[in-house]
Amino acid sequence: MGDWKEKIEISNLEVKYDQKEALKGISLAIYENEILAIIGPAQSGKTTLLKVINRTIEFVPGAKVKGTVKIDGENVREMKSVYELRRRIGMVFPLPVGLPLSIYDNVAFAPRAAGIRGRDQLDELVEKCLRQAALWDEVKDRLDSLGTRLSGGQQQRLTIARALSHQPEILCLDEFSIAVDPVTTMRIEDVLKELRSEITIILVTNLVQQARRLADRTAFLLNGKLVEIDSNEVIFSGSPANKVTYDYVRGTFG
Amino acid sequence: MTGQQDTTIINPNPDSSGKESTSSEKGASRSAILFTDTPLVRRKRLAENMAKGLFFLMTLLIVIPLILIVCYLFYKAFPVLSIDFLFTNPARGMRAGGIWAALLGTIYLVVISLLVSAPIGVLAAVYLNEYAGDNWLTRIINLAVVNLAGVPSIVHALFGVGAFVLFARMGRSILAASLTLAIMTLPVIIAATKEALGAVPMAFREACWNVGATRWQTIRRIVLPNSISGILTGIILQVSRAAGETAPIMFTGAVFYKAISEGDIFAYGLFDQCMALSMHLFTISTQVPNVPDAIPYGTAVVLLGTVLLVNLLSIALRVYLRLRKKW
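Residues numbered from 1 in each chain as written. Chains lettered and ligands numbered in written order. Predicted model: local features only at pLDDT ≥ 70, side-chain atom pairs only at ≥ 80, totals over all residues.

Draft legend 1. Looking closely at helix α6 (residues 152–165) of chain A. All names here are of chain A. For α6, which comprises 14 residues, the first-to-last C-alpha distance of 20 Å matches the rise-based estimate of 20 Å (1.5 Å per residue) to within 8%. Counting buried positions along α6 gives 12 out of 14 residues, so the element sits mostly inside the fold. Considered for burial, the residues of α6 that qualify are Gln154, Gln155, Gln156, Arg157, Leu158, Thr159, Ile160, Ala161, Arg162, Ala163, Leu164 and Ser165. Looking at the buried residues of α6, the elements they touch are β6 (89–92), α3 (103–113), α4 (119–132), α5 (136–139), β7 (170–174) and α7 (182–195). Of the residues trailing α6, Gln167 is marked for its positive phi of about 45°. (Helix = DSSP H or I, 4+ residues; strand = E, 2+ residues; numbered from the N terminus. Expected span 1.5 Å × (residues − 1). Buried ≥ 20, exposed ≤ 12 C-beta atoms within 10 Å, placed from the backbone. Contact = placed C-beta atoms within 7 Å.)

Written out as structure tokens, the structure reads:
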């Protein structure tokens, strides 16, 4: 791993929601073109971590952030344009949100917001993103119909297509598979493996097996603290540095 | 036997209790007994039917007076109702003629007041709902909006006299009266718009922000298109209020009598005084002796008709925009 370039560097990150501490001082590095899985039980701060990276935490009332997150060495909180920052990051959240627009407009929303107007360019981009999200074949004949009328699994893939539509350098997936059937999950996982050559992927997942299948490295969060981060060989080897990690991965936690 | 039980279980008809009791006699199975009427079930059903009846009665109570009023108005107004009644000025000290000056005055007042209050109200609501954080200032503003909506119209009238007629030196004029009406309708428009904006799920906004859209892009492309029906309904409903109020315009611009050229829709200027339907109705029913009965009723019918027409428009608009609503 020595020659991997650091993409995101998180140091001493603390997040408080009013009185409640969500993250209690986390430091970790995420390398370029890797898939980093983040596992951990509920309330361990996984989603909060993602929100800090793209600064949507600022929309949460009462949230306070200490510590730094750097992308390519640049502190995200000192970046001139937060919109520029968010365009560099694709986000997929657990429950799919189809915008009340046509399928085409759903995917073209972000490029348009970024100022891309050319119809050809948009067409090409929309097709590429929908293909990447394994949705193109199902919707190519009805791009004008409403995104919100798709089934739950299709909407989740639409969300993934939208997250890719602004051609991000980093893709964050927060438990993307809970609304998707296993077959589609596999197809999306294949897509992620392909995307790895181009972008950095952070995969928050409740499925330990998914982390094992996909990730290069896995981080284990518990109650807002980073218990362990290491390559998958170590984490899933049966001899991770930490006993708690071992228990969680084996499913005998608590 | 099993088949028979199944039919009793899935049978939603409460009158089938006889059949159920026979099946329970025959088989005495526990599931069948569960579905026969116990005294408790009967009591609850009685209570439910009574409640339903009561609610229906209350609904009727709202509708009946409305229908009676409309019928009575039309019956009394029948002798004067004609196109000429709309388009001629009052004559012979309001004892004859039509209501043209008052009708046009009301239209002027309502349109100008909405031209002022709708943009201000909608933009203020967008700011309060989409941009403003939760701090003491916005809380005070929200409180002020709610309280302003509850201020009696006569108080608005006094404010209008002080602020527009005297301080701004507009004099008693259509402009001053319209602005007073605008101040009166503003808080309700803000409240209705905030309501409509708040009904757009937060998840839509977050989805937009996550792909790097600015707040304005989010509002423009997602929030406004999905709340426009509620916003327009809120605005249009204020038309009826602005048209019906007498107090705010009495001291600020409406007059007892003013003759204008008949059929000319530009007969009033901004700084003219004007007649208005609500005020006209008030004066001819209380201040002028020996007015033929039909004229005040005719005026009321026109006022009501104008308001109903606008409400119909709002319903039509709402239906049309609902059809386009996408979630």
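Still to come is the rest of the account.
Draft legend 2. Structural view of the interface of chain A and chain B. Taken together, the contact between chain A and chain B spans 20 residues of the former and 16 residues of the latter. Listed by contribution, the elements that provide at least two residues to the side of chain A that touches chain B are α2 (82–87), α3 and α6 of chain A. Among the residues forming the side of chain A that touches chain B, the class breakdown is 12 nonpolar, 5 polar and 3 charged. (Nonpolar A, V, L, I, M, F, W, Y, C, P; charged D, E, K, R; others polar.)

Draft legend 3. Examining the sheet that holds β6 of chain A more closely. Residues and elements named next belong to chain A. Across the sheet, which stays open at both edges, the 6 strands sit in the order β6-β7-β8-β3-β9-β10 with mixed pairing between neighbours. Strand pairing shows two members of the sheet lacking a second neighbour, β6 and β10 (225–231), which therefore form its edges. Adjacent strand axes in the sheet meet at a mean angle of 15° when their direction is disregarded. Direction of pairing for β6 relative to β7: parallel, over a ladder of 4 bridges. Opposite Val92, over in β7, you have Leu173 as the bridge partner. (Pairing = 2+ DSSP bridges. Axes fitted to C-alpha atoms, helices over the stretch in contact; angles between N-to-C directions.)

Draft legend 4. Molecular detail of unusual backbone geometry. Residues and elements named next belong to chain A. Even without being glycine, Asn33 reaches a positive phi, approximately 60°. With respect to the helices and strands, the residue Asn33 is situated in the loop between β2 (20–31) and β3 (35–39). With 16 C-beta atoms counted inside 10 Å, the residue Asn33 sits in the partly exposed group. Notably, Ala134 is not glycine yet its phi reads approximately 60°, a positive angle. The topology assignment puts Ala134 in the loop between α4 and α5. Judged by the 21 C-beta atoms lying within 10 Å of it, Ala134 falls in the buried class.

Draft legend 5. Local environment of helix α9 (residues 174–198) of chain B. Residues and elements named next belong to chain B. Under the 1.5 Å per step criterion, the end-to-end length of α9 is 35 Å for 25 residues, consistent within 8% with the ideal 36 Å. At Thr185, α9 shows its maximal kink, close to 35°; a proline, Pro187, follows between one and four residues later. Of all 25 residues that make up α9, 21 are buried, and the element is covered over most of its length. (Bend = angle between axes of the 7 residues up to and from the residue.)

Draft legend 6. The arrangement of the sheet that holds β2 of chain A in detail. Residue and element names in this part refer to chain A. With antiparallel pairing, 4 strands are arranged side by side in an open sheet as β2-β1-β4-β5. Because the sheet does not close on itself, it has two edges, and the strands there are β2 and β5 (74–75). Two elements, strand β1 (residues 6–17) and strand β4 (residues 63–71), share 8 bridges in a ladder whose sense is antiparallel. Paired with Lys16 across the two strands is Lys64, which belongs to β4.

These results come straight from atomic positions and should not be treated as a statement about function.
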